[in-house]
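Given next are the chains, with one letter for each unit.
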Amino acid sequence: MDGEGLARASGSMALATVVSRVTGLVAKLALAAALGFGVLNDSYNIANELPNMVYELLLGGVLSSVAIPVLVRAQRTDPDGGHAYAQRLLTMGTVALLVGTLGAVAAAPLLTRLSVTSGPHASPPLATAFAYLLLPEILFYGLAALVGAVLNSRGVFGPPAWAPVANNLVVIAVIGAYVATPGRISLQPSLMGEAKLWVLGVGTTLGIVVQAAVLLPALRRSGFRWRWRWGWDPRLSSFGGLAGWVALYVLAGQIGLVITYRIAGATAGGGVSTYAYAWILLIVPYGVLGNSVLTALMPRISRASADGRIGDVVADLSLGTRMSALLLLPISALLTVAGTQIATVLFSYGHSDLSQAERLGHTLAASAFGLLPYAVVLLQLRVFYALGDARTPTVIMALMVAGKVGLSLATPALLGPRQVVIGLAAANSASFVIGAAAGQVWLWRRLGNLRTRLVAGTVARIAVSAGAAAVAGLVALTLSRLALPHTLPPVRAAVELTSATVLGGGALLLALRTLRVSELHVLLTHAARLLPSALTHSAGSRG
């Protein structure tokens, strides 16, 4: 399929993805306004990350990377279209999730201690109290992912893209209820009896429950019937072999995150929250733009690999890299130039203040260069999994984590306490550069010609165009700052951001056309009908 076909497929998910990311960002903004950037928010963020860590170790990495290729192969080779295989996979996955969830809740104090250090900038008891309420999310994260994998393998993308919106709306309502609930959360809760703690903890978990539940009607409409099917399909053994390597891959990534959180929490108050919010802001563009490309490409790459069409695999890898560069490099330029303005506009309200927002903006700007490498790494890893190779991604992740940990451990010695989080975010982005480079080498050895000259030339032209946009954005920021010297900081930041976006966007389009970036034609051709197409495809997916 060519670039125009990819654009149409991505467009079918664009509306749901945009709404999901926007509502998710609104939920995070509301949370920051309600909790601020201190120990309370750090404790909540650490505890809320634990279910993700455990879920990814149990099943998440396997589902997102291995399950779809395996399910697609079963659909193409089994007389029943892969129904029995998928039912056994759902049954075994649910059992593993239930056992893992119970074990994680029982081990909540130990899990908390992995990420939290004792000291003036952290509260292990509060993080543990939150963990008891949030760790049950593991089961429902897994159920949502299991059902989503089956739907995606059957060509149904709309409902899984819309499901997070339901979660985000629940969380927004929960934060409103938290603000309205009398009292406050103590940093040293001796008992699980504080009303605000229960509202925030149980309410957050409820959002994940709803996210899983809304997918069940879509699963039934797809023609799939979920029945408990016990017994062992021999192909699950090969799946388990892949899963073992993926679990090691996930474990390596989680080790890197735990070390990052421990350093961030030990050096200055609010370090964990600042790192977490900077990461959220960084991947919002990927979630809206890059992930749609990856989701549309993944089933096609899996089918091409299953059929032995290596040329088509390489073509989709090249196309995905070039389209990701066009979508994400200009965003990286904007985040680098106007990171402080973005954070000030979004996070300088409620219990947050201007200095915290500025530190967040600097952290975002310092990590923006990792956006495209992050997207490229995810695309490369999916190619390896489609080829049935789960070992190489684990080795690549080990290299990434080694680089990240080494750079992270150096940050406290090189930077002041409040700047450490900036270095941690930059170290994280540097790890994606390492991963993208290693993945390119390994794929070249595995597949041969990767159309490297075409990809490198396109990415270079896009990078030059993004650089021109960044220069134009800097000029716009300077002029706006001179014109509004005494305006309130959030208002001035909004004006500066708008002017940088408009002037930088104009410079970007001019440079892309001048340098003849052909991928631009694909986007411009479909931009005008993107929303109608997304509405049509989403309605079809739900029907």
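Described below are features of the structure shown in this document. Predicted, not measured: the structure shown is a model, and the values here were computed from it.

## Notes on the side chain of Asn45
Here comes step 1: Looking at the secondary structure, you find Asn45 in helix α2 (residues 39-77).
Here comes step 2: If sequence neighbours within four positions are ignored, Asn45 has contacts with Val272, Ser273, Ala276 and Tyr277.

## Overview of the environment of Gln380
Here comes step 1: Within the secondary structure, Gln380 sits in helix α14 (residues 371-386).
Here comes step 2: Classification of Gln380 as buried rests on a relative accessible area of 3%.
Here comes step 3: For the pair Gln380 and Gly435, spaced 55 residues apart in the sequence, the C-alpha separation amounts to 9.4 Å.
Here comes step 4: Setting aside anything within four residues of it in sequence, one finds Gln380 in contact with Leu317, Gly435, Ala436, Gly439, Gln440 and Leu443.
Here comes step 5: A polar atom in the side chain of Gln380 sits 3.3 Å from the backbone oxygen of Ala436.

## Side note on the packing of helix α6 (residues 137-153) against helix α8 (residues 195-213)
Here comes step 1: Two numbers describe how α6 lies on α8: the axes approach to 8 Å, and their chain directions differ by 20°. One finds that α6 runs roughly parallel with respect to α8. Handedness of the α6/α8 crossing: left-handed. Here α6 contributes Glu137, Phe140, Tyr141, Leu143 and Ala144 to the contact with α8, which in turn contributes Thr204, Thr205, Ile208, Val209, Gln211 and Ala212.
Here comes step 2: The residue makeup of the contact of α6 with α8, split by class, is 7 nonpolar, 3 polar and 1 charged.

## Comments concerning unusual backbone geometry
Here comes step 1: At Arg451, a residue that is not glycine, the phi angle is positive and equals roughly 55°.
Here comes step 2: When you line up the elements, Arg451 lands in the loop between α16 (420-447) and α17 (452-483).
Here comes step 3: Among the residues examined, Arg451 registers a relative accessible area of 36% and is labelled partly exposed.
Here comes step 4: The phi dihedral of Arg516 is positive, around 55°, even though this residue is not glycine.
Here comes step 5: With respect to the element layout, Arg516 can be found in the loop between α18 (489-514) and α19 (519-527).

Parameters and conventions
- Residues numbered from 1 in each chain as written.
- Predicted model: local features only at pLDDT ≥ 70, side-chain atom pairs only at ≥ 80, totals over all residues.
- Heavy atoms only, no water.
- Helix = DSSP H or I, 4+ residues; strand = E, 2+ residues; numbered from the N terminus.
- Contact = heavy atoms within 4.5 Å.
- Buried < 20%, exposed > 50% of the residue type's maximum accessible area, 1.4 Å probe, protein only.
- Polar contact = N/O pair within 3.5 Å; in protein donor to acceptor, adjacent residues only side chain to side chain.
- Axes fitted to C-alpha atoms, helices over the stretch in contact; angles between N-to-C directions.
- Parallel < 35°, antiparallel > 145°, perpendicular 65-115°, else oblique.
- Left-handed = near helix turned anticlockwise from the far one by under 90°.
- Nonpolar A, V, L, I, M, F, W, Y, C, P; charged D, E, K, R; others polar.

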